[in-house]
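# Descriptive analysis of the structure
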Amino acid sequence: MLAQNNFKDKISLLLLFICSLSFSQSVDLSAVWINGGQHYEGKINTGTDLKLYITHSSQSTEADLVYNVAGYSTVRTNTTPFNGVITITGQKKTKSEVIITGHYSLSEEGAGRHSGALKGDLTGFIAVNDLGNPTGDHQTSFSGSWKSRDATLLFKTNWKNK
């Protein structure tokens, strides 16, 4: 009888552990960052148009709140590929949406004066279905700065999805 109770206790603990792991996982937002194939738009400096396209997004296998992203930015006629990370630092789930906060760091390729890094913070409102999975509808805004690789230029940036 005692051995049977120990076995049941061990099974119960194992099931509790498995359930706690599955509920601690965050919702995968990889598809959200791609923004339905549409660009993000905003401003750099005091009013120059900025467009960002995220063409690749994947949730990190090491930290489920980190997303590896790649794409390209366009300012005037200058288009530059970038790669980087989006890190979720806070999230609040409601029945119909996930409200997120975080930061981003994107590094543009190239060595010219018009190549650099975008860094800053983000806030997002992401619609979810009854199962808690993203529906694709979201409003995400990014606020930060762009610094040229040679450190001679530093501009404020703001961009969001349309």
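All figures in this text were calculated on a predicted structure; none of them were measured in a lab. (Residues numbered from 1 in each chain as written. Predicted model: local features only at pLDDT ≥ 70, side-chain atom pairs only at ≥ 80, totals over all residues. Heavy atoms only, no water.)

## Remarks on the overall build of the protein chain
Keep this limit in mind: Helix and strand definitions follow DSSP, with helices as H or I runs of at least four residues and strands as E runs of at least two, each counted in order from the N terminus. Summary of the burial criterion: residues with accessible area below 20% of their type's maximum are buried, those above 50% are exposed, and those between are partly exposed, where the area comes from a 1.4 Å probe applied to protein chains only. Two residues form a contact once any of their heavy atoms are found within 4.5 Å. The Shrake-Rupley method, run with a 1.4 Å probe sphere, supplies the accessible areas, and residue values consider only the shown protein chains as cover.
A count of helical and extended segments in the protein chain gives two helices and eight strands. In the protein chain, the order of α-helices and β-strands from amino to carboxyl end is α-α-β-β-β-β-β-β-β-β. Counting all 162 residues of the protein chain, 31% fall into the buried class. Partitioning the intrachain contacts of the protein chain with sequence separation of at least 6 by distance along the chain shows that 46% fall at a separation of at least 24. As presented, the protein chain carries roughly 9800 Å² of accessible surface, and 56% of it is formed by carbon and sulfur atoms.

## Concerning the environment of Asp137
Along the chain, Asp137 turns up in strand β7 (residues 134-148). Sequence separation between Asp137 and Ala127 is 10 residues, and the spatial gap between their C-alpha atoms is 5.5 Å.

## Some thoughts on the confidence of the model for the protein chain
Put simply, the rule reads: On a range of 0 to 100, pLDDT expresses the predictor's confidence in each residue.
With 85% of its residues at a pLDDT of 70 or more, the protein chain has an overall mean of 86. pLDDT under 50 marks residues 8-24. Its contacts with residues more than four places away, or in other chains, come to one contact.

## Focus: the pattern of salt bridges
Spelled out, the test is: Between Lys or Arg on one side and Asp or Glu on the other, a salt bridge is scored when a side-chain nitrogen of the former is within 4 Å of a carboxyl oxygen of the latter.
Going through the model one piece at a time under the given rule, you end up with one salt bridge. For Asp49, the salt bridge is made with Lys43, and the minimal N-O distance between the two is 2.5 Å.

## Topic: unusual backbone geometry
Peptide bonds are, in most cases, trans, and in most cases residues other than glycine have a negative phi. Backbone geometry at Arg76 places phi at a positive 55°, although glycine is not the residue there. Given a relative accessible area of 68%, Arg76 falls into the exposed group. Positive phi is not limited to glycine here, since Ala151 has a value of about 65°. Mapped onto the elements, Ala151 comes out in the loop between β7 and β8 (154-161).

## A few points about the sheet that holds strand β1 (residues 40-44)
Here is the rule: Two strands form a pair only when DSSP identifies at least two bridges running between them. Each axis is a line fitted through C-alpha atoms, and for a helix only the stretch in contact is used; angles between axes span 0 to 180 degrees, taken between their N-to-C directions.
On the basis of which strands lie adjacent, the closed barrel formed by eight strands has the order β1-β2-β3-β4-β5-β6-β7-β8 and antiparallel pairing. In this sheet, neighbouring strand axes are inclined to one another by 25° on average, regardless of whether the strands run parallel or antiparallel. Relative to strand β6 (residues 116-128), strand β5 (residues 97-108) runs antiparallel, the two being bridged by 11 bridges. Paired with Thr101 across the strands is Thr123, a residue of β6.

## Description of the side chain of Thr74
As a reminder, the rule being used: Polar contact is defined as a pair of N or O atoms within 3.5 Å, subject to the rule that within protein one atom must be able to donate a hydrogen and the other to accept it, and that residues adjacent in sequence are counted only when both atoms are side-chain atoms.
Mapped onto the elements, Thr74 comes out in strand β3 (residues 66-75). Residue Thr74 is classed as buried on the basis of its relative accessible area of 19%. At 3.1 Å, the side chain of Thr74 and the side chain of Thr79 are in polar contact.

## Some thoughts on the packing of aromatic side chains
Heads up, the rule is: Only Phe, Tyr and Trp rings take part, Trp by its six-membered ring, and two of them pair if their centres are within 6.5 Å. Stacked means planes under 30 degrees apart, edge-to-face means over 60, and tilted covers everything else.
Tallying each qualifying case throughout the model produces eight aromatic pairs. Relative to Trp159, the ring of Tyr40 lies with its centre 5.6 Å away and its plane at 85°, an arrangement referred to as edge-to-face. Placement of Tyr40 in strand β1 and of Trp159 in strand β8 is noted, with a sequence separation of 119 residues between them. Their ring planes at 75° and their centres at 5.3 Å tell us that Tyr104 and Trp159 sit as a pair that is edge-to-face. A residue pair is termed long-range when its members are at least 10 positions apart, and Tyr104 in strand β5 and Trp159 in strand β8 qualify at 55 residues.

## Let's talk about the side chain of Thr157
Within the secondary structure layout, Thr157 lies in strand β8. Among the residues examined, Thr157 registers a relative accessible area of 1% and is labelled buried. Among the polar contacts made by the side chain of Thr157, one reaches the main-chain amide nitrogen of Ser145 at a distance of 3.4 Å.

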